[in-house]
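Given next are the chains, with one letter for each unit.
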Amino acid sequence: MSLKAGIVGLPNVGKSTLFNAITKKNILAANYPFATIDPNIGVVIVPDNRLEYLNELYIPKSLVPTSFEFTDIAGLVKGASKGEGLGNKFLSHIREVDAIVEVVRCFKDENIIHVEGDVDPIRDIEIINLELILADLEIIENRIEKIAKKAETTKDKDALKEVEVLRKAKEALLNNKALRLIDFEDDELLLLKNFNFITLKPIIYVANVLEDDIVLNGNLYTQKVFQYASLEKASVIVMCAKIESELAELEESEKKAFLLDLGINNSGLDKLIFATYDLLGLQTFFTVGSDEVRAWTFKKGMNAKKCAGLIHSDIERGFIKAEIMKFNDLEELNDEKKVQEAGKLYLEGKDYIMQDGDIVYFRFNV
C-alpha cells in the first residue's frame, strides 16, 4: 500500500533539514527560498518494537518493516495560487499526497532569512492555508461553470448532485474553511475525492524550535500553534529539525544516549512518523516464518480478504480462511504451539476486520 505524506511550509522554516533527517539523504538545504525545486521523495521506516521481537523469535532470512513515503515539496509563498514563487508546480505536487505535514517556524534566528520579515507562526499558517483554499476554490468554480447549466437543463440526477455538493464546498471555502473541517455525508465525500482537493487532506503541524526549547517542549510560538490546531482538531509535533538531523547521523545506541542526555524519550521524528501513520488511519499486520518476517500496512477497517490482496491478488481471489494470532498472545506465550494449545489461534473468514498487531497466515486456493 503506497501512501505519501507531503512536507510543506514557507521557505526557510526547516522543511528540508527535517526531510534530511527523515530520509538520511543529503539533499540541498540552503538558506534561501526555493533551495528545493523539485519534490524529493524518501521512504521512512515505521519504528515497531513488535517486529524486533518477531525477528528474534523466528530468526528469518529476511526482515521487512512497514514504511511509507514522505515528500519534501518546495517552499510556498503568498500568491502561489496566482502563480507566485513556484506557484502551480507546488500545488500540483501537493495534490498527489495523502496527508499534509505543515512545518511552522517557531524560532528566532537573525542568520536565517524569513520571507515575511519576522516570525509569526499563525500568520505563516494562514498564508499557506489561504493559498490552498484559493487553489481548491478555483477548481470548484471552473467545474460548476462547466456543468451547472447543463445539469439544470437536462435534470440529470448525478450532475445535479455534483453541483449541489460543489456549491456546499464552495461556500465553506469562501468562508475561509478547509474542506476537511466540514461535515460531509459519505456520498458527498466520495464525490469530492474525485477532485483530489488539497484542503480535504488531513494535516499535522510541526512546530520547529531551537535546541533549548525542545527540552521545554516548546515556547510562546508553539503555544499559539497548539491553540490554532485545536480549533481544527489537528495534531502538533514540537521538534527541533536541527537536532533531528544530528540524530539521523548517529548509531542507534548513540541516539538513545543523546536523547537520554536531553531528557527525551522519543525523538521528534519518531513522534512525527507515529502521528502521520495514525493520521492516515494506518495499522500493521504481520506475516511470519523462517524465510521472512514482514510488517504490512493496511487501512483501519479493512477486512481479511482485502488485506490478503495487499500481499498478492491471487491470495485475495482464492481466499479461504485467515489463521490469526494476536501479537500479545504470542509475546506472552513465546511459542506458536503454545498459542494454539491455549485456544488462541483463530480461524476467520473474509469479512473479519483486521486488527493492528494481527499475525496472519492466509489460506487460499487458485
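Quick caveat: nothing in here was measured; it's all calculated off a predicted structure.

### Here's the deal with the overall build of the chain
Within the chain, the regular secondary structure consists of 15 helices and twelve strands. Each of the 366 residues in the chain was classed as buried or not, and the buried ones make up 49%. Look at the contacts in the chain between residues 6 or more apart in sequence, and 70% of them connect residues 24 or more apart. Carbon together with sulfur atoms contributes 48% to the accessible area of the chain, which is approximately 19,000 Å² in total.

### Looking at a negative patch on the surface
Side chains of Glu-52, Glu-56, Glu-251, Glu-252 and Glu-254 sit close together on the surface and give a patch of like negative charge. Counting residues per element, the ones that place at least two in the negative patch are α2 (49-58) and α10 (252-262). Relative to the assigned elements, Glu-52 resides in helix α2.

### Focus on the packing of aromatic side chains
Within the structure shown, the criterion is met by eight aromatic pairs. On the basis of an interplanar angle of 15° and a centroid distance of 5.3 Å, the ring pair of Phe-195 and Phe-197 is categorised as stacked. By relative accessible area, Phe-197 is classed as buried at 2%. Put simply, the rings of Phe-285, Trp-296, Phe-298, Phe-319 and Phe-362 pair up and form one aromatic cluster. Over the face of the ring belonging to Trp-296 we find Arg-294, whose NZ or CZ atom lies 4.1 Å from the ring centre.

### As for the sheet that holds strand β4 (residues 67-72)
In spatial order, the strands read β2-β4-β1-β5-β6-β7; together these six strands make up an open sheet with mixed pairing. Only two strands of the sheet have a single partner each, and these edge strands are β2 (40-45) and β7 (235-239). In this sheet, adjacent strand axes meet at a mean angle of 25° when their direction is disregarded. Sheet topology places strand β1 (residues 4-8) next to strand β5 (residues 99-105); four bridges connect them, and they run parallel. Residue pairing across strands places Ala-5 opposite Ala-99, the latter belonging to β5. Most of the contacts of helix α11 (residues 268-279) go to β7, to which it runs at about 165°, and overall it touches β1, β2, β4, β5, β6 (203-208) and β7.

Criteria and thresholds
- Residues numbered from 1 in each chain as written.
- Predicted model: local features only at pLDDT ≥ 70, side-chain atom pairs only at ≥ 80, totals over all residues.
- Heavy atoms only, no water.
- Helix = DSSP H or I, 4+ residues; strand = E, 2+ residues; numbered from the N terminus.
- Buried < 20%, exposed > 50% of the residue type's maximum accessible area, 1.4 Å probe, protein only.
- Contact = heavy atoms within 4.5 Å.
- Areas by Shrake-Rupley, 256 points an atom, 1.4 Å probe, with all protein chains shown as cover.
- Patch = residues over 30% accessible without salt bridge, like charges linked within 9 Å, V, L, I, M, F, W, Y side chains within 5 Å.
- Salt bridge = Lys/Arg side-chain N within 4 Å of Asp/Glu carboxyl O.
- Lys, Arg positive; Asp, Glu negative; His and termini not counted.
- Charge placed at Lys NZ, Arg CZ, Asp CG, Glu CD.
- Phe/Tyr/Trp six-rings, centres within 6.5 Å; stacked < 30°, edge-to-face > 60°.
- Lys NZ or Arg CZ within 6 Å of the ring centre and 35° of its normal.
- Pairing = 2+ DSSP bridges.
- Axes fitted to C-alpha atoms, helices over the stretch in contact; angles between N-to-C directions.

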